[in-house]
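Coordinates in review
This is what each chain is made of:
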Amino acid sequence: MKDVRNPFRLQTAESIDSDADFLRLFGHGVLDLLPDDALSGRPLFIRSAPGGGKTSLLKLFTPSVLQHLVAMKTNDATKDLFIKLKGLGAVSDHGANILSVMLPCARTFPALADVGLNPARAKRLLLALIDARVILGALRAILVIRGLRFPDDLGRLSLVAPPDDIIPGLTFPAEGVTVQRWAELIEQRVADLIDTLMSPDGSGPSGHDALLSLRLLDANCIHFDGKPFETRWLITFDDMQKLAPSQRSALLEVVVDQRSRSTVWLAERFEALANEELLANGVLSGRDHLVIALEREWKKGKFEPAVKLIAERRARMAAESAGTNAPDAFAPTIEADLEAPAWQEKTQAALSVVRRRVEALAAAKPQYADWVKSRVEIDGSLRHQLIKWRTLEILIARHAGKPQQNLFPELLSAKDLDDKEEASERGAAELFLSKEFGFPYYFGLSRLASLGSFNVEQFIRLAGDLFEESLAAAVMRRPTSLSPQRQERIIKDAFDERMKDLPRRARNGRAALNFLDAIGHFCREETYQPNAPYAPGVTGFSLSMADCSSLYDPDTRKTRPDFAAFGDVLTTALQYNLLLPDVDRPRPSGRVVVLYLNRLVCAKYDLPLHYGGFREKRLQDVMTWPTLGFRPSRQERLLI
């Protein structure tokens, strides 16, 4: 394995060399996102932004990894994972129940699309190349699961003819070595076709009309030592976004229409989707296939416990690698709060300021006398008292801003106050205090999980930045726990670090960053109002479903280049998880799409991490934000 001093830096499945280490680091919470029948034969589309965990999920089901898992089934680090996979039917106490062939789509397929073949010919060659890789991968998988070597032991394998099918170039029965030569010949002929400078239509292998490899696997046509090798097959395609649009469409059509008994999983980033698919209503599952959008599934309360487990496993590996110097758990390194003695003086000073302000306000408006009295009598820590007084200030500002109904206002009781005070108002109070008095806000494990914004890699990178500081402290023989203010500084710096190369990585990346900046300033203005009308704050905006549809309507895009340009920027923001859509929300004005900021962006603009606070906007109001930015209004707001 590569450097394990800080295992949080091992952010991709490819960077973890050992199957045993991969299993020890794997967070099994992602398995809770899969349907119970995920291995039943229905094609499963797995979608996410970059870093969503798709490749790690596919790697988990590869033969060598499952083989290691069965061997480690009683290990404390992997037994829960084993139980979950056993529940899915992937493994038993005695071995793997499925065999997987994993195909990365970045190799050769995209280059084939650039050759310039007619569409029918291009599709046939694509399917032939896939068939060659699937069949050869299946032979390899059988040898691995049997503890044999590839290609040395191919002689123990053979292929018999699939019923009613002919596989061009193969004569049945075919020995394993013959099949290997056939697959390598297809690879070579496709490579020659890609490299040729001549007219390619008549060159290369003959091509296939269907995924013949799936039919072969369904019919148990692979024999081991002369007998049919019976198993359940899982064929996985990784990085589908690397395919040309025509290749992706062709493959999806064949996989769904062919209805194989073998299960097919197709993993892709959101950037593979057409514009209208990104804002589609629902998950687009059908009777013949399933679609899992990882970020959407994580929202159902499963993300925080899953990433906490991932963090603890990586911290434990660091301790085992570094010995006694490294912290052996992650949570204690960031378990800080503002109740500690070091914060008492600052809290007392803030409490005095806020209390004086509220009492002065109430002195001029006697109807709030009972509300103030209830705060004077309150018990609890200084921090608790401070938040209660600041909450009262918000509620008085909110009540005072309403049109007066009577010439002589009624006195308001303490019960009235209790009825009005909710968690959202207390959340706004905490946020306002952090901004006014400099209390840290972005610290602790729960908020770190929120800052992950339902993206596993984003969480791991943030946690890795924090853990790196703890490791450095351990080397210097200093305390490894990070103060709240240090955590917040690291988290705020992370935004600039993550976003600096977006213009290089993404089409319209610069415009997307400008768009985020405008949204951030808009949300901050809406959030920091004295009466906190959208407590605890605003972290997004909505557009009508009709407006969103117009952005991607082909006829509108032709006649309105401004619509097309804004739609492209919005697409980039969605593809890279910068905005999280909540689609088809009912509102009095009609159905809307809510576009929430990635939570790391919220930290950049001092916004809360809650969901639910958004403002409805018209399309014409936001279309200029990527180019002209947000223009603040003159409404009253807090000094920030």
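Here, the structure is the one placed above.
Below or above, wherever it landed, is the structure these notes cover. Keep in mind that this is a model prediction, so the values were computed, not measured. (Residues numbered from 1 in each chain as written. Predicted model: local features only at pLDDT ≥ 70, side-chain atom pairs only at ≥ 80, totals over all residues. Heavy atoms only, no water.)

Once that is clear, we can look at the packing of aromatic side chains. Taken as a whole and judged by the stated rule, the model has 21 aromatic pairs. Pairing phenylalanine 8 with phenylalanine 467 gives two aromatic rings, centres 5.1 Å apart and planes at 50°, and the pair type is tilted. Placement of phenylalanine 8 in the segment before α1 (19–25) and of phenylalanine 467 in helix α20 (residues 456–475) is noted, with a sequence separation of 459 residues between them. Taken as a pair, phenylalanine 8 and phenylalanine 467 share a single burial class, namely buried. (Phe/Tyr/Trp six-rings, centres within 6.5 Å; stacked < 30°, edge-to-face > 60°. Helix = DSSP H or I, 4+ residues; strand = E, 2+ residues; numbered from the N terminus. Buried < 20%, exposed > 50% of the residue type's maximum accessible area, 1.4 Å probe, protein only.)

Our focus in this paragraph is the sheet that holds strand β7 (residues 222–224). Each strand in a sheet pairs with its neighbour through backbone hydrogen bonds, running either in the same direction (parallel) or in the opposite one (antiparallel). Sheet architecture is open: four strands sit in the order β6-β5-β7-β8, paired in antiparallel fashion. Looking along the sheet, the strands with just one partner apiece sit at the ends: β6 (174–175) and β8 (227–228). In this sheet, β7 lies alongside strand β5 (residues 157–159) in antiparallel orientation, the contact comprising three bridges. Across the sheet, the residue bridging to leucine 159 is isoleucine 222, located in β7. This element, helix α6 (residues 119–145), spans β5 and β7 of the sheet and lies at about 150° to β5. (Pairing = 2+ DSSP bridges. Contact = heavy atoms within 4.5 Å. Axes fitted to C-alpha atoms, helices over the stretch in contact; angles between N-to-C directions.)

The full count for this structure, using the stated rule, is 41 salt bridges. Measuring nitrogen to oxygen at the nearest pair gives 2.2 Å for the salt bridge that ties glutamate 320 to arginine 24. Separated by 296 residues along the polypeptide, glutamate 320 in helix α12 (residues 303–322) and arginine 24 in helix α1 bring together distant segments of the chain. Overall, the relative accessible area of 23% leaves arginine 24 in the partly exposed class. The closest approach of N and O atoms between glutamate 526 and arginine 615, which form a salt bridge, is 3.2 Å. Separated by 89 residues along the polypeptide, glutamate 526 in helix α23 (residues 509–527) and arginine 615 in strand β15 (residues 615–616) bring together distant segments of the chain. Here the residues in one salt-bridge network are Arg357, Arg390, Glu393 and Glu436, joined through shared partners. (Salt bridge = Lys/Arg side-chain N within 4 Å of Asp/Glu carboxyl O.)

With that settled, the discussion passes to the pairing of strand β12 (residues 540–544). Within β12, four of the five residues are buried, which leaves the element mostly enclosed by the surrounding structure. With five bridges connecting them, β12 and strand β14 (residues 590–597) associate as antiparallel partners. When the sheet's bridge partners are listed, serine 542 is paired in β14 with valine 594. As judged from the two bridges shared by β12 and β15, these two strands associate in the parallel manner. Its bridge partner lying in β15, serine 542 is registered against glutamate 616.

In this chain, phenylalanine 150 is followed by proline 151 through a cis amide linkage whose omega measures 5°. Each neighbour pair has its own omega, and for alanine 535 with proline 536 the value is 0°, a cis peptide bond. Locating proline 536 in the fold gives a position in the loop between α23 and β12. Even without being glycine, alanine 532 reaches a positive phi, approximately 40°. Examined against the element boundaries, alanine 532 turns out to sit in the loop between α23 and β12. Judged by relative accessible area, which is 2%, alanine 532 ranks as buried. In this structure, asparagine 577 takes a positive phi of about 65° despite not being glycine. Note that asparagine 577 resides in the loop between α26 (561–575) and β13 (579–587). Accessibility expressed as a relative area gives 5% for asparagine 577, which makes it buried.

Overall, mixed pairing links the four strands, which are arranged β13-β14-β12-β15 in an open sheet. The open sheet has two edge strands, β13 and β15, and neither has a second partner. Most of the contacts of α23 go to β12, to which it runs at about 105°, and overall it touches β12, β13, β14 and β15. On top of the sheet, α26 reaches β13 and β14; it is set at about 110° to β13, its chief contact.

Inspection of the secondary structure puts glutamate 469 in helix α20. On the basis of relative accessible area, glutamate 469 is assigned to the partly exposed category, the value being 27%. Sequence separation of glutamate 469 and aspartate 328 is 141 residues, and the distance between their C-alpha atoms is 14 Å. Discounting chain neighbours no more than four positions away, the residues touching glutamate 469 are Leu482, Arg486 and Ile490.

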